[in-house]
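Survey of secondary and tertiary structure
Chain by chain, the residues:
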Amino acid sequence: MLVGSAATLLWRSLITAESMDVEPLRSVAEQAMYVLYVAVISPVAEEIAFRGAALTRLRTAFGGLGAALISAVLFAVYHMDISTFAYTLVLGFFYAMLAQRSGSIFPSILVHAANNVVVVLVRLFEPFAKVVDVAVPVLGTAAILWMIVTKRLFSCHAENES
């Protein structure tokens, strides 16, 4: 986890000092490396750290829901972006519940990677970036909250056990 965090911080500092914007990336090679990092390396490392290691340990002390909430807060704080804190918090909770309900971190890695791919591709096509920077978090959060409210996220595994 420490190596993954150090690698993430190093990579972020190489791209930009403040955020994960694609704009400073000039060459196709730089853009390809950025997409590889954001779509593959980051989701795998973060899911292993937050849903694999942290969630597993937290679940023994706080139960499933408490562990999901705490790991979501840690995930949101780790991303160090106050403008997307609520969205990242909800995503972290969703990924935690997905990992718990499925019994594996693989589904959360896939969903995390898909989310990151959408964000990166939108930012690569600048004219759409401003609209999607607002729409993706709002629609994504609404969809996740809808699933939580309707108990679809919580009941899917229970139905399969019957």
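Structural notes, computed from the coordinates. Just so it is clear, the model here is predicted, and its values are computed rather than measured.

Concerning the overall build of the protein chain
Along the backbone of the protein chain there are six helices and zero strands. Moving toward the C terminus, one meets the helices and strands of the protein chain in the order α-α-α-α-α-α. Looking at the protein chain as a whole, 36% of its 162 residues qualify as buried. Within the protein chain, contacts between residues at least 6 apart in sequence are counted, and of these 59% link residues at least 24 apart. Here the protein chain displays about 9500 Å² of accessible surface, and carbon together with sulfur accounts for 73% of that area.

A look at the pattern of salt bridges
Per the stated rule, a full pass over the model turns up one salt bridge. Salt-bridge contacts for Glu47 lead to Arg51; the nearest nitrogen and oxygen are separated by 2.8 Å. Taken together, the residues Glu47 and Arg51, both in helix H2 (residues 28-78) and four residues apart, mark about one turn of the helix. Just as Glu47 is buried, Arg51 falls in that class too.

Regarding the packing of H2 against helix H4 (residues 106-124)
In contact at an axis separation of 8 Å, H2 and H4 are set at 140° when each is read in the N-to-C sense. In terms of axis orientation, H2 runs oblique to H4. H4 is crossed by H2, and the crossing has right-handed handedness. Where H2 abuts H4, its residues Gln31, Tyr34, Val35, Val38, Ala39, Ser42, Pro43, Val44, Glu46, Glu47, Arg51 and Phe75 lie against Ser108, Ile109, His112, Ala113, Asn116, Val117, Val120 and Leu124. For the contact of H2 with H4, the per-class residue count stands at twelve nonpolar, five polar and three charged.

Thresholds applied
- Residues numbered from 1 in each chain as written.
- Predicted model: local features only at pLDDT ≥ 70, side-chain atom pairs only at ≥ 80, totals over all residues.
- Heavy atoms only, no water.
- Helix = DSSP H or I, 4+ residues; strand = E, 2+ residues; numbered from the N terminus.
- Buried < 20%, exposed > 50% of the residue type's maximum accessible area, 1.4 Å probe, protein only.
- Contact = heavy atoms within 4.5 Å.
- Areas by Shrake-Rupley, 256 points an atom, 1.4 Å probe, with all protein chains shown as cover.
- Salt bridge = Lys/Arg side-chain N within 4 Å of Asp/Glu carboxyl O.
- Axes fitted to C-alpha atoms, helices over the stretch in contact; angles between N-to-C directions.
- Parallel < 35°, antiparallel > 145°, perpendicular 65-115°, else oblique.
- Left-handed = near helix turned anticlockwise from the far one by under 90°.
- Nonpolar A, V, L, I, M, F, W, Y, C, P; charged D, E, K, R; others polar.

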